[in-house]
Structure formats: C-alpha cells, structure tokens
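Summary of structural features
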Amino acid sequence: MYPRVFICRSPRLCCVTPSWRRDVNILITRRFTCLAKGRHNNRICEKRFFIYGNATLRCLQSSTSSIVKTLSKKETLEEVIAKKGTAVDTSDEELWIEQRFDLKLLPGYYARLSKIRLSGMVVLTAMAGYALAPAPMYLDTFLWASLGTGLCSAAANSFNQWLEVPFDSQMNRTKNRVLVRGLLSPLHVLSFGVVSGSLGVATLLLEVNTLTALLGAFNIALYTCIYTPMKRLSIANTWVGSVVGALPPLMGWAACTGTLHPGAFVFAGLLYSWQFPHFNALSWNLRPDYSRAGYRMMCVTDPALCRRVALRHSLSLIGLCTLLPVCDVTSWWLALDTLPLNAWLTFLAYKFYRDSDSNSSRKLFRFSLLHLPVLMLLVMFHKKPKQKQTEGVLLVDSIAQV
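Residues numbered from 1 in each chain as written. Predicted model: local features only at pLDDT ≥ 70, side-chain atom pairs only at ≥ 80, totals over all residues. Heavy atoms only, no water.

**A look at the overall build of the chain**
Filter applied, for reference: Working definition: helices are DSSP H or I runs of at least four residues, strands are E runs of at least two. Numbering for both runs from the N terminus. Summary of the burial criterion: residues with accessible area below 20% of their type's maximum are buried, those above 50% are exposed, and those between are partly exposed, where the area comes from a 1.4 Å probe applied to protein chains only. Two residues qualify as a contact provided that any one of their heavy atoms is within 4.5 Å of a heavy atom in the partner residue. Calculation of accessible area relied on Shrake-Rupley with a 1.4 Å probe; when residues are assessed, cover is drawn exclusively from the protein chains displayed.
Across its full length, the chain holds 16 helices and nine strands. Taking all 402 residues of the chain together, 50% fall into the buried category. Looking at the chain alone, contacts between residues at least 24 apart form 74% of all its contacts between residues at least 6 apart. In the form shown here, the chain has an accessible surface area of approximately 19300 Å², with 62% of it arising from carbon and sulfur atoms.

This is how it looks when you write it as structure tokens:
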C-alpha cells in the first residue's frame with residue numbers, strides 16, 4: 001500500500017497478531033503522521049495507532065492523544081488534511097524513524113529471537129542425555145543432534161515471541177524484545193521460525209534418527225500450540241512448560257541409542273522437577289508483570305500452590321537422584337554426592353514456602369541457576385562407563401532373542 005514503513009522509537013511499540021488486522025483504516029501523511037481507526041472485540045482502541053505498509057502491521061500503545069485521531073472510514077486523506085491540517089504536533093515527529101533492514105545487525109536479532117542463552121542450555125541438556133546414554137558415542141551424530149536440537153529450540157522461541165507480542169509489550173521483562181521494538185517484521189520472524197524448525201527437524205531425521213526428529217517436532221508443537229496459548233487460560237501451563245524443558249535430554253538419549261530406556265525418563269525427570277523451584281521463584285517477583293499481561297500463572301492465581309509446588313519438586317530431586325543408580329545409569333555415589341546440593345535447594349524452597357517474600361524467592365532462584373550445572377556435572381562424573389553399559393544392553397538383547 002505504501003512503499004515505506006515508519007516505526008516509533010518508543011519501547012512500547014508492539015506488533016499485532018492477525019486477529020487485530022480486521023476493521024483497520026490507515027492514513028499516513030508525509031509528516032509521518034498516523035491517523036487510524038481500529039477495533040478489537042468491538043472496542044475502539046483509543047490509545048493505539050497502526051502503521052501499515054509492505055504487508056506489515058504494527059501497533060503502539062501511547063497516551064499521546066494528539067497522535068491518534070478517530071476517523072470515519074469514508075474520509076479520505078485529502079479531506080482529513082483539509083479539515084485538520086497536519087493533525088500532529090511537530091514535537092511528535094522525532095519519535096518516528098524509517099524501518100531499515102541492516103544485515104550487520106541480523107545475527108544479533110536472530111540470537112535474541114532464539115533466546116540464545118535458553119537455547120544454549122537446551123542444547124547442553126541434550127548433549128548430557130547423549131553422553132549419559134549406554135551406547136558408543138559418535139562425534140558426527142553428537143554434533144548433528146546438538147545442531148538439530150538448537151534449531152528446534154530457536155524455532156519454538158521465535159514462534160512464541162511472534163504469538164505473544166501484544167502481551168510482551170505490557171511486561172517490563174519482555175518489552176525490549178525484537179518484535180516489541182519493531183526491529184523485525186512479524187513475517188520475517190515467522191519465516192525465521194519456519195526455516196529454523198524445518199531445518200532442525202530435517203537435520204535430526206536425515207543425520208540422526210527418526211525418533212529424535214519426532215521428539216524435536218513434538219517439542220516445537222507442544223511449546224507453540226499448547227504451552228503458549230495455555231499461559232492465558234490455565235495455571236496448568238507451568239506443568240506443560242516443564243515437559244517441554246524435559247524433552248531435550250530424551251532427544252539426546254534417543255540420538256545415541258535410537259530407543260528410550262527407563263534411565264532416560266529418570267534423567268528427564270531431573271530437568272522436569274528442577275524447573276518448578278526455578279520458575280516459581282523467578283515468577284514470584286514478576287507477579288505485577290504477569291497480571292498486567294493477563295497470564296494465568298500460579299504466582300498470580302494461587303500463590304500458596306506456587307510455593308508448595310516449588311518445595312514438593314525440590315524434595316523429588318533427592319528421590320530422582322537415587323533412581324538413576326537403580327536404573328544402572330550411574331554409580332550409587334551419585335545419591336550421596338548430590339544429597340547436600342539437593343538438601344540446600346530444598347531448604348531454600350522451604351524458606352520460600354514459609355516466608356513467601358521477595359528475598360527468599362530471589363535466593364532460591366539464584367541457587368537454582370547454580371544447582372542445575374553442578375547436578376549435571378555430578379551425573380556425568382558418576383555415570384557408568386559406556387562400554388560396560390553397551391555390553392549389558394547386548395547381553396539383554398541376546399537373551400531376548402533366545
């Protein structure tokens with residue numbers, strides 16, 4: 001419609017999901033003035049204005065009344081200018097810049113879309129699952145599995161940000177994300193997610209095995225289609241999100257062996273349970289943000305349950321570390337060496353349960369960041385040698401064949 005797209009420097013700029021595209025009448029003057037009328041759920045968006053051009057639609061929440069003018073759809077641009085002139089003070093023009101595509105900044109944008117630190121942790125847990133599995137390690141398969149897992153994680157995070165832009169713009173924690181700031185168009189982000197997900201699943205299918213590829217595709221679908229919309233519907237989203245975080249170790253194990261052993265599920269259970277004290281402590285101090293954005297989190301709708309669940313799963317980590325030796329994945333020394341680590345996490349979770357304040361939640365969250373890598377290192381240190389485990393698996397297979 002218009003050859004150029006102008007965006008605002010305001011940190012509250014947000015992209016609009018397809019449901020916002022209906023009933024929008026856009027007029028843009030040469031002075032970068034936006035005059036718009038939009039409806040969402042039959043309500044006039046008096047504090048929103050839209051920019052449309054090159055198949056891009058954006059919305060900015062603004063309290064500046066001079067920016068937004070409610071117009072009749074029958075009015076033309078010439079009529080508006082004739083009646084109201086420029087309609088916007090010149091002081092507002094300094095907020096506007098033309099959106100330009102800078103290839104030098106693109107890798108950084110993609111890293112932010114992928115949540116590079118979170119995706120890195122996902123890849124590390126998948127690597128740990130591969131290293132722990134009772135089968136010979138092949139470097140090429142290990143690297144392909146890591147790459148495919150990372151691409152799947154990048155795709156899931158991109159889809160999540162694409163779907164949640166109107167809500168991310170209302171949270172201090174997420175207001176500076178790429179789409180919220182208008183640094184990339186929604187179509188660009190969606191395309192990046194589709195390409196990353198397709199490459200990730202294809203890499204796992206062609207270079208690793210079918211089971212790992214299915215787990216990767218399932219994890220993308222679970223995170224995008226179930227967990228993301230459920231965050232605004234039910235507190236059960238936390239349990240679903242924890243399943244998403246527990247699947248990468250299974251992917252690593254499946255990449256190594258082609259099957260899933262009970263020990264793989266116990267190892268994934270460590271990641272599953274760890275996420276509850278970690279996330280519940282994190283979300284406790286973000287309750288105003290989650291409430292403002294309309295997310296149904298335990299910390300908002302049921303604070304007592306939030307604290308109980310954190311304590312419950314901190315205790316379960318002690319039992320899970322004991323089950324790994326039972327499944328013949330590690331030596332029995334793991335249960336002893338991880339006891340002080342898990343006991344301290346449980347103590348901090350108990351203080352969080354008892355005091356329910358910002359200080360106790362912050363201490364629990366910070367220690368959880370240390371707890372997981374130390375726990376992974378202890379599991380790797382006490383794991384059974386691969387050769388012995390492989391001989392045991394071959395013996396079981398031969399007995400089954402007889």
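This is not the end of the story, as more comes after the structure.
**What about the nonpolar core?**
Here is the rule we go by: Throughout this description, the term nonpolar core refers to a set of buried Ala, Val, Leu, Ile, Met, Phe, Trp, Tyr and Cys residues connected via side-chain atoms within 4.5 Å. For the domain bounds, the source is a domain assignment made automatically or taken from a database.
Ranked by size, the top nonpolar core spans 72 residues in total, and within it F267, L270, Y290, L324, L364, M376 and V379 carry the most contacts. If you tally residues by element for this core, the top one is helix α9 (residues 262-284), at 11 residues. A domain-level breakdown of this core finds at least three residues from each of domain 1 (103-257) and domain 2 (261-387). Leave out the neighbours within four places in its chain, and V379 touches L132, F267, L270, L324, T330 and L334. Counting 10 residues, the second largest nonpolar core, distinct from the first, contains V165, V178, V180 and F192.

**Description of the layout of surface pockets**
Which entries qualify depends on this criterion: With a 1 Å grid laid over protein atoms only, a set of points is called a cavity when a 1.4 Å probe fits there but cannot get out and a pocket when it is open yet has protein on both sides within 12 Å along at least five of seven lines; lining residues have an atom within 4 Å of a point. Grid points are joined across faces, edges and corners, and a volume is the space filled by probe spheres set on the points. Each residue receives one of three labels: charged for Asp, Glu, Lys and Arg, nonpolar for Ala, Val, Leu, Ile, Met, Phe, Trp, Tyr, Cys and Pro, and polar for the others, Gly being one of them.
The computed volume of the largest pocket comes to approximately 1500 Å³. Along the wall of the largest pocket there are 49 residues; nearest its centre are K115, L118, N157, R173 and Y223. By residue number, the principal contributor to the lining of the largest pocket is helix α8 (residues 237-257), which donates eight residues. For the lining of the largest pocket, the class distribution of residues is 24 nonpolar, 17 polar and eight charged. Shared between two domains, the lining of the largest pocket takes at least three residues from each, and those domains are domain 1 (103-257) and domain 2 (261-387).

**Side note on the pattern of salt bridges**
For clarity, the cut-off: One side-chain nitrogen of Lys or Arg within 4 Å of one carboxyl oxygen of Asp or Glu is enough to make a salt bridge.
Within this structure, the stated rule accounts for five salt bridges. The shortest N-O distance in the salt bridge between D328 and K384 comes to 2.2 Å. Highlighted residues: D328 in the loop between α12 (303-326) and α13 (333-337) and K384 in the loop between α15 (358-381) and α16 (386-401), separated in sequence by 56 residues. On the basis of relative accessible area, K384 is assigned to the partly exposed category, the value being 26%. With a shortest N-O distance of 3.0 Å, D355 and R354 are connected by a salt bridge.

**Some remarks on the packing of aromatic side chains**
Note the threshold: Paired rings are identified among Phe, Tyr and Trp, the last through its six-membered ring, by centres lying within 6.5 Å, and are further divided according to the angle between planes into stacked (under 30 degrees), edge-to-face (over 60) and tilted (the rest). The rule is short: NZ of Lys or CZ of Arg within 6 Å of the ring centre and within 35 degrees of the ring normal puts a charge over the ring.
Scanning the entire structure with this criterion turns up 10 aromatic pairs. Each ring, one from Y223 and one from Y227, has its centre 5.2 Å from the other, and the planes form 25°; the classification is stacked. Here Y223 pairs with Y227, and both are found in helix α7 (residues 210-230), just four residues apart, close to one helical turn. There is no split in this pair, since Y223 and Y227 are both buried. By way of ring pairs, the aromatic residues F167, F279, Y290 and Y295 are connected into one cluster. Directly above the ring of Y295 sits K231, whose terminal nitrogen or CZ lies 4.7 Å from the centroid.

**Quick word on the environment of S316**
Structurally, S316 is set in helix α12. Take S316: its relative accessible area is 26%, and that puts it in the partly exposed class. Taking C-alpha positions, S316 is 9.2 Å from N342, a pair spaced 26 residues apart along the chain.

**Thoughts on the side chain of N280**
If you trace the backbone, N280 turns up in helix α9. Classification of N280 by relative accessible area gives buried; the value is 1%. With residues up to four places along the chain from it excluded, the contact list for N280 reads T238, Q275, M298, C306, V309, A310 and F352.

**Remarks on helix α6 (residues 186-208)**
Cut-off, in case you're wondering: In this analysis, the expected span of each helix is defined as 1.5 Å times one less than the number of residues it contains.
Spanning 23 residues, α6 covers 32 Å between terminal C-alpha atoms, matching the ideal 33 Å at 1.5 Å per step. Buried residues of α6: P186, H188, V189, F192, G193, S196, G197, G200, T203, L204 and V208, and no others.

**Some remarks on α15**
Here α15 is 24 residues long and its end C-alpha atoms lie 35 Å apart, about the 34 Å a rise of 1.5 Å per residue gives. Its buried side turned inward, α15 meets α3 (116-132), α9, α12, α13 and α14 (339-355).

**Focus on the UniProt feature "transmembrane region" (unreviewed entry) in the chain**
Here is the rule we go by: UniProt positions are given in the numbering used here, feature names are shortened, and annotations may be inferred rather than shown by experiment.
The positions UniProt marks with the feature "transmembrane region" (unreviewed entry) are residues 118-139, 187-206, 213-230, 250-272, 315-335 and 364-381. A distance of 28 Å separates the end C-alpha atoms of residues 187-206, which is 100% helix and 0% strand.

**Notes on unusual backbone geometry**
Of note, K115 is a non-glycine position whose phi angle comes to about 50°, a positive value. By secondary structure assignment, the location of K115 is in the loop between α2 (106-113) and α3.

**What about a nonpolar patch on the surface?**
What counts is decided by this rule: Within the patch definition used here, like charges are joined within 9 Å and nonpolar side chains (Val, Leu, Ile, Met, Phe, Trp, Tyr) within 5 Å, considering only residues with over 30% relative accessible area and no salt bridge.
On the surface, L323, V326 and W332 cluster together to form a nonpolar patch covering roughly 320 Å² of accessible area. Tracing the backbone shows V326 in helix α12.

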